[in-house]
Structure formats: structure tokens, C-alpha cells
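Tertiary structure, described
Take a look at the letters that make up each chain.
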Amino acid sequence: MTPTLAAATDVVAASGPFWSSETFWAAAGVVVGAGVGAAGVYATRRAAFPKRRLVYSFSSSSLVQRHQRNVSANVLHIRLGERELHNPRLVSLRLENTGRRDISSAQFDQGDPLRIVLGLPVVELVSMAAEPPGALGLRPGGLDDHGMSISPGRLGAGEAITYTLLVDGDPSFYRLTHALIDVKVREKFPPKTDG
């Protein structure tokens, strides 16, 4: 064996497996420490800035189908009190808090209400249903020529509420306007209409 080959063999034998090296364990300690630190920062930020999410969806259905309205114009008359309705429809708005934290009245900037804007007058609020049933924290404000307002209140995490409105006519658009703070608001899907 030549002296060069003998020296190379001694170096390979002396180095051993990589995990027995002090340098490997020092580097592994740094990586684990950085990971624990990053997880701590993430957990702290998540607790300090909780997510509040409001998801909404509209649906609409006619009380009288189109073919019935055309055939029975002289036979069928629908009235609410003294008011005759020519094209009565039910429009529903569902609000869901899908976030981890409650949406409280503090999130309503300057106490501004939510607004349901349909572009035509709301004749009447027909119903309001909550899930779970006792969660009725967002009360309707008032009806007007363009929709309805919803007063500031509380919608707990995981709670939902559905408002069903009677309108006379086919809304030209469906819109929810708001001035909520620290709440991510998005539409679940485009309005569903029937009839």
C-alpha cells in the first residue's frame, strides 16, 4: 500500500457517519430552534389578530310562477293589506360567521348598519331564522325604498341567520353593503333565483 493510499484510508475511517459529527448536531439544533421560534410567532399573531369572517348568500323565488301570472291575471289577485302585489317574490339573505371569533357591535364602524340593497322596495320582513335558534343578535333595522338595514349586534362564531323578505318585482341586483372593521366579508355564491 502506498503512503498516499494509506493516508486516504485513515481519513475515511476517522470521519465515520455524518450524524456522529458535532457540526451536524449543532446545525440540527439551529434548525429545530428556528422552527420552534417561527411556530411561536405564528401562534402569537394568530391569537392577537383573530379571524372574523362573514359569508353571505342571496336566493330568490317567485310566489306565483310566470305561466300562472299570465293566465290568471284577471282571476288571481294577491294583496298584502290594501296593497296589491303584481309580482310577489321572496328574497332571502343568509349571513354566516365562519370565523373563529364573534362579530360584535364593536365591528360596526360608527354604528353603521348592514344594508340589503335590492333596487326596489321591500314590502315586508316575512321571517328571521337563526342557527342555533337562540342566536338572534342581528336585528332588522328598517325597510325602505331600496331594501332593508340590519342593526349592529352580535353574530357568534359558527352562527348563521337568514332574513326572508317579501318584495313586489324582480330585483335588478342583490347587494350587501357594510362598514365592518376587522371582518373579512365575501359572497358565498352568486344569487340563486327561481321563477
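Digging into a positive patch on the surface
A grouping of K51, R100, K184 and R186 is seen on the molecular surface, where their side chains present a positively charged patch. Structurally, K184 is set in strand β11 (residues 184–187). Assessed through its relative accessible area of 57%, K184 is described here as exposed.

Points about the packing of aromatic side chains
Applying the stated criterion to the full structure yields two aromatic pairs. Summarising the aromatic geometry, the rings of Y56 and F58 are spaced 6.1 Å apart at their centres and angled 80° between planes, so their arrangement reads as edge-to-face. On the basis of relative accessible area, F58 is assigned to the buried category, the value being 1%. Between F58 and Y174, the ring centres sit 5.6 Å apart and the planes meet at 45°, which makes this aromatic pair tilted. Of this pair, F58 sits in strand β1 (residues 53–62) while Y174 sits in the loop between β9 (160–168) and β10 (175–177), placing them 116 residues apart in sequence. Taken together through their ring pairs, the aromatic side chains of Y56, F58 and Y174 make up a single cluster. Residue placement shows R175 over the ring face of F173; its charged tip is 4.4 Å from the ring centre.

Here's the deal with the pairing of β9
Here β9 lies mainly inside the structure; nine of its nine residues are buried. Alternating residues of β9 divide into A160, T162, T164, L166 and D168 and I161, Y163, L165 and V167, and every residue in both groups is buried.

Rules of the game
Residues numbered from 1 in each chain as written. Predicted model: local features only at pLDDT ≥ 70, side-chain atom pairs only at ≥ 80, totals over all residues. Heavy atoms only, no water. Patch = residues over 30% accessible without salt bridge, like charges linked within 9 Å, V, L, I, M, F, W, Y side chains within 5 Å. Areas by Shrake-Rupley, 256 points an atom, 1.4 Å probe, with all protein chains shown as cover. Salt bridge = Lys/Arg side-chain N within 4 Å of Asp/Glu carboxyl O. Lys, Arg positive; Asp, Glu negative; His and termini not counted. Charge placed at Lys NZ, Arg CZ, Asp CG, Glu CD. Helix = DSSP H or I, 4+ residues; strand = E, 2+ residues; numbered from the N terminus. Buried < 20%, exposed > 50% of the residue type's maximum accessible area, 1.4 Å probe, protein only. Phe/Tyr/Trp six-rings, centres within 6.5 Å; stacked < 30°, edge-to-face > 60°. Lys NZ or Arg CZ within 6 Å of the ring centre and 35° of its normal.

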